[in-house]
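These are the residues of each chain, in order.
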Amino acid sequence: MTPNGWLQILLFFGILLVTTKPLGVYMARVLERERTLADRLFNPIERLLYRITGIDDSHEMRWTEYAAAMLLFSVTTMLLTYVLQRIQGILPWNPQHLGKVAPDLAFNTAASFTSNTNWQAYIPESTMSYLTQMLGLATHNFWSAAVGIAIAVALIRGIARKESTTIGNFWVDLTRAITRILLPFCVVFGLILVSQGVVQNLKPYDTVKVLEPQKIITTGSNGKQTTQIVADQTIAQGPTASQEVIKMLGTNGGGFFNANSAHPFENPTPLSNLIEMLLIFCIPAALTATLGKMTGTPRHGWAVFAAMSVLFFAGVLISYSSESQSNPLLHGVNQQITLTQPGGNMEGKEVRFGIANSALFATATTDASCGAVNSMHDSFMPLGGLVPLINIMLGEVVFGGVGAGIYGMLIMVVLTVFIAGLMVGRTPEYLGKKIEAYDVKMAMLYVLIFPLSILVFTAIAALSPNYGLSSLNNAGPHGLTEMLYAFTSATGNNGSAFAGLNANTHFYNLALGFAMLIGRFLMIVPMLAIAGNLATKKLVPPSSGTFPVTTPLFTTLLIGVILIVGALTFFPVLSLGPVLEHLLLHAGKMF
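Residues numbered from 1 in each chain as written. Predicted model: local features only at pLDDT ≥ 70, side-chain atom pairs only at ≥ 80, totals over all residues. Heavy atoms only, no water.

Q: In this structure, what is going on with the overall build of the protein chain? I would like to understand it.
A: A tally of regular secondary structure across the protein chain gives 18 helices and four strands. Here the C-alpha radius of gyration of the protein chain, 24 Å, is about what a compact globule of 591 residues would show, namely 25 Å. Structurally, the protein chain occupies a C-alpha span of about 80 × 60 × 50 Å along its principal axes. Burial analysis of the protein chain (591 residues in total) assigns 57% to the buried set. Considering only contacts in the protein chain between residues 6 or more positions apart, those separated by 24 or more positions represent 79%. Of the roughly 23700 Å² of accessible surface on the protein chain, a fraction of 66% belongs to carbon and sulfur atoms. (Helix = DSSP H or I, 4+ residues; strand = E, 2+ residues; numbered from the N terminus. Rg over C-alpha atoms; globule rule 2.2 N^0.38 Å. Buried < 20%, exposed > 50% of the residue type's maximum accessible area, 1.4 Å probe, protein only. Contact = heavy atoms within 4.5 Å. Areas by Shrake-Rupley, 256 points an atom, 1.4 Å probe, with all protein chains shown as cover.)

Q: I tried to follow the pairing of strand β2 (residues 225-235) on my own but got confused; where do I start?
A: Two faces belong to every sheet, and in a regular strand the side chains alternate between them. With ten bridges joining them, strand β1 (residues 206-219) and β2 adopt antiparallel strand pairing. Each bridged residue has a counterpart across the sheet, and for Lys209 the counterpart in β2 is Asp232. Hairpin connection of β1 to β2: five residues between the antiparallel strands, including Gly223 at a positive phi of 85°. (Pairing = 2+ DSSP bridges.)

Q: Explanation requested: a nonpolar patch on the surface in the structure shown.
A: Taken together, the side chains of Met1, Leu317 and Ile318 present a nonpolar region at the surface, about 270 Å² in accessible area. By the secondary structure assignment, Ile318 is in helix α10 (residues 298-324). Since its relative accessible area comes to 46%, Ile318 is described here as partly exposed. (Patch = residues over 30% accessible without salt bridge, like charges linked within 9 Å, V, L, I, M, F, W, Y side chains within 5 Å. Salt bridge = Lys/Arg side-chain N within 4 Å of Asp/Glu carboxyl O.)

Q: Sorry if this is basic, but what is going on with helix α16 (residues 506-535) here?
A: For the α-helix, the turn length of 3.6 residues means that residues three or four positions removed from each other point alike. In this model α16 runs 44 Å from its N-terminal to its C-terminal C-alpha over 30 residues, within 8% of the 44 Å that 1.5 Å per residue would give. Of all bends in α16, the biggest is about 30°, found at Ile518. The buried fraction of α16 is high, at 23 of 30 residues. (Expected span 1.5 Å × (residues − 1). Bend = angle between axes of the 7 residues up to and from the residue.)

Q: Can you walk me through the side chain of Asp39 in this structure?
A: Among the secondary structure elements, Asp39 is positioned in helix α2 (residues 39-53). On the basis of relative accessibility, which here comes to 13%, the residue Asp39 falls in the buried class. Look past the residues within four positions of Asp39 in its chain and what remains in contact with it is Glu34, Pro44 and Arg180.

Q: How should the packing of helix α12 (residues 382-393) against helix α15 (residues 476-491) be read in this particular structure?
A: Contact pair α12 / α15: the axes reach a minimum separation of 10 Å and the direction vectors enclose 35°. The interaxial crossing formed by α12 with α15 has left-handed handedness. In this structure, α12 uses Pro388, Leu389, Ile392 and Met393 to contact α15, whose residues at the interface are Thr481, Leu484, Tyr485, Thr488 and Ser489. The residue makeup of the contact of α12 with α15, split by class, is six nonpolar, three polar and no charged. (Axes fitted to C-alpha atoms, helices over the stretch in contact; angles between N-to-C directions. Left-handed = near helix turned anticlockwise from the far one by under 90°. Nonpolar A, V, L, I, M, F, W, Y, C, P; charged D, E, K, R; others polar.)

Q: I'm lost on the environment of His300 in this one. Help?
A: On the secondary structure map, His300 appears in helix α10. On the accessibility criterion, His300 (0% relative accessible area) is buried. When the C-alpha positions of His300 and Met527 are compared, they lie 20 Å apart, and in sequence the two are 227 residues distant. With residues near it in sequence (within four places) discarded, His300 still touches Leu291, Val413, Tyr430, Leu431, Val549, Thr550 and Phe554. A polar atom in the side chain of His300 sits 2.7 Å from the side chain of Tyr430. (Polar contact = N/O pair within 3.5 Å; in protein donor to acceptor, adjacent residues only side chain to side chain.)

Q: Help me understand the nonpolar core, please; the structure alone is not making it clear to me.
A: Note on soluble globular proteins: their nonpolar side chains tend to be buried together. Ranked by internal contacts, the top residues of the largest apolar core, which has 160 residues, are Phe170, Leu182 and Ile283. A per-element tally of this core places α16 first, with 17 residues. Not counting residues within four places of it along the chain, the set of residues in contact with Leu182 comprises Phe142, Ala145, Ala146, Ile149, Ala177, Ile246, Leu249 and Ile283. Of all hydrophobic cores here, the second largest spans six residues; its members include Tyr130, Tyr205, Phe256 and Phe257. (Core = buried A, V, L, I, M, F, W, Y, C linked by side-chain atoms within 4.5 Å.)

Q: How do you make sense of the pattern of salt bridges when you look at a structure like this?
A: Oppositely charged side chains can pair when the atoms bearing their charge come close. Overall, the coordinates contain 17 salt bridges when judged by the stated rule. The salt bridge involving Glu34 is made with Arg29; its shortest N-O contact spans 3.3 Å. As a salt-bridge pair, Glu436 and Lys537 come within 3.5 Å of each other at their nearest N and O atoms. You can see Glu436 sitting in the loop between β4 (433-434) and α14 (437-462) and its partner Lys537 sitting in the loop between α16 and α17 (552-567), a full 101 residues away along the chain. We classify Glu436 as partly exposed; its relative accessible area is 42%. Looking at Lys537, the relative accessible area reads 9%, which means it is buried.

Q: What is the right way to look at helix α9 (residues 270-295) in this model?
A: The first and last C-alpha atoms of α9 sit 38 Å apart over 26 residues, in line with the 38 Å expected at 1.5 Å per residue. At Cys282, α9 shows its largest kink, close to 35°, and the proline Pro284 lies no more than four residues downstream. With 23 of 26 residues buried, α9 lies mostly within the body of the structure. Just downstream of α9 lies Gly296, where phi reads positive at about 75°.

Q: Which parts of the structure should I look at to understand the packing of aromatic side chains?
A: For any two aromatic rings, the description comes down to two numbers: the centre-to-centre distance and the angle of the planes. This structure, assessed with the given rule, holds 30 aromatic pairs. Grouping aromatic residues by their ring pairs yields a cluster made of Phe12, Phe13, Phe281, Trp302, Phe305, Phe312, Phe313 and Phe399. The ring centre of Phe380 lies 4.3 Å from the NZ or CZ of Lys349, which sits over that ring. (Phe/Tyr/Trp six-rings, centres within 6.5 Å; stacked < 30°, edge-to-face > 60°. Lys NZ or Arg CZ within 6 Å of the ring centre and 35° of its normal.)

Q: Mind showing me how you'd approach the packing of helix α7 (residues 170-196) against α9 here?
A: Two quantities define a packed helix pair, namely the angle between the helix axes and the distance between the axes. In the contact formed by α7 and α9, the axes pass within 10 Å of each other and the chain directions differ by 170°. Here α7 lies roughly antiparallel to α9, going by the angle between them. You can see that α7 and α9 cross each other, and the crossing is left-handed. Contacts between α7 and α9 involve Ile181, Leu182, Phe189, Ile192, Leu193 and Gln196 on the former and, on the latter, Leu271, Ser272, Ile275, Glu276, Leu279 and Ile283. Of the residues contributing to the contact of α7 with α9, the split by class is nine nonpolar, two polar and one charged. (Parallel < 35°, antiparallel > 145°, perpendicular 65-115°, else oblique.)

Set out below in C-alpha cells:
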C-alpha cells in the first residue's frame, strides 16, 4: 500500500460524500412529485406517456397492487428481451451477421438483465448484435434500475406515512425515475465518457494487421502438429458509451465487451475509471439522504450512510492490503513497490489502474450490486478475492444496488431495532412505528431466502460431476470458490464472476437464471409487505425507552447485525473456500 493509493481512494470517497446530499434531496423531490426546475421540460413528456399507456397518475396503490404491477412489467420486458435474442439474426443493425442466441443462454441473459444482475455467460462482441445490445440490454439497464428505485421509495413511503393503505403508484415512480434521474445523468456522463475515448458508433468491426505476427502450434488427436500464423486482428466496436454509462449509473454491470471495464474501449483512462466508480455509488449513497428527507430525520439517513461507509472502508483495506502483498509462490521475483514497478499481485490487473484502483473498483462494484470489473477477481489473492464475495454475501447493503441497497439495508434496520427492543424488554419502535411480529416474519423471510438460494444451488453444483464440476478451471478450494461466487453473484444480483468458471452450459444457464429471479423478486415481495404494513400504523410518541436510530450506537449495532446475519451465515463454506486457499498458499500449494 502507498500514500498515493490511499489519496486516490480518499479522493473518490470525498467526491461521493459531497454529492450525496444534493442528489438525495433532488431524488426525494422528484419521487414525491414536488416542484423542481425540471418540471417544465418533463411534465409534458410524462403526461403524454400516461395518456398513451392509459395510466391514471393520481391513483395510489396498495402494496399488493404495487407488487403485481412490478411483476407484470418485469415479466413482460423479460419476454421481449428473450424473443429479441432468439430472432436477432433476421433483424437489422447486425453488421457481423450474428445468429440467434441459444434458448438456455437467451433465458439466462433475459433473466439477468431483468433482475439487474447483468451476468454474462457469453462473449458480447461475438454473440449480441448492435440491436440486441441497444434495444434489449441497454433499455433493460434503465428499466431494472428504475424498478429498484421505485421499490426503495415505496418502502420509504411505508415508513414515512401514517394510517395509510397505499404506498404510491408504481408506474409513476418508474417513469419519473427514468425520465428525471437516469436519462439526464446518462446524457451528460455519456458524453464525458466519449470525450475520454469510450467508443460510440454503429460501424462493422475492423480487421487490421498485427505488428508482430504470432505462430501458433496445435497438436491434433492423431498427434500431428499443425502451425498457424496469426497476422490479423479483429477490432470490435459499437455503441459502447451509451450502454457503459447506464451500466454504471444503474449498477447493472454488463459490459459491451467481454473484458468489461478492463477494456480500453469501455474504460480508457484513469479519469474515466474514477467517473465510472462514482457512477456506481452515487445513487445508492444518495438514497440514504432521500431516506432522511422523506422521513423527516436527516440524521437517521446519515447514520445509515455511516454504517455503509465503515463496511466499505473495511473491504477496501483488506483488499488493497492483500493485493499489495507479494505472491509467496513466486520465488526469485522482485515484487516490491518502487517508482518503476507497481509491485504486489498484478496478475489480472490493468497497469493503467494499478493495485489501488483495482482493489477499490472490486470493492465498490461488489458493495453495490453492479458487477462491472476493471480487473479479474479470479486472479486476486485468496483474501483479496474473499472481499468481493463477502460484500455480496452481506446482502448487497454496503451502498448496494440502485434502490436495492437501501431497501436491503432497511430490512437490516428493522432487525436491528427489533434486537434492540428485546435487549430492553419492550416493543421495538422504528421512527415512531411499532415493529411487530408480522414485520419481523417478513424481514426474516427476506433474509433467509438469500442464503438458501446460494447454498442449495452451490451444493447441487458441487455434487454434480457431469454438470457443476465439469465447468471448473481450478480444483480444490479455488474451484469451490468459483462455484460459490457464481451463485452468490446471481442471487445477489451482482453479475461479477470468478472468471475460471465456464458458465455457458445448460446447467449453469438455467440454475443461475433461476437464482437471479429468486434473488430479485422473491425478496422484493416480503419487503413490499413490510412497506404496506408500516404505512397503516399510527405514530407512537418517543419515550425514555425508545431506541434512537440517529446515534453512533445505532450505527454500531446495525453493523453488528449485518455482519452476524451475513458473514456468519456463510462462514463454514468460506472456510472451505478462500480461507483454506489462503492457508494452503502460504504452505506452498496452489490450485
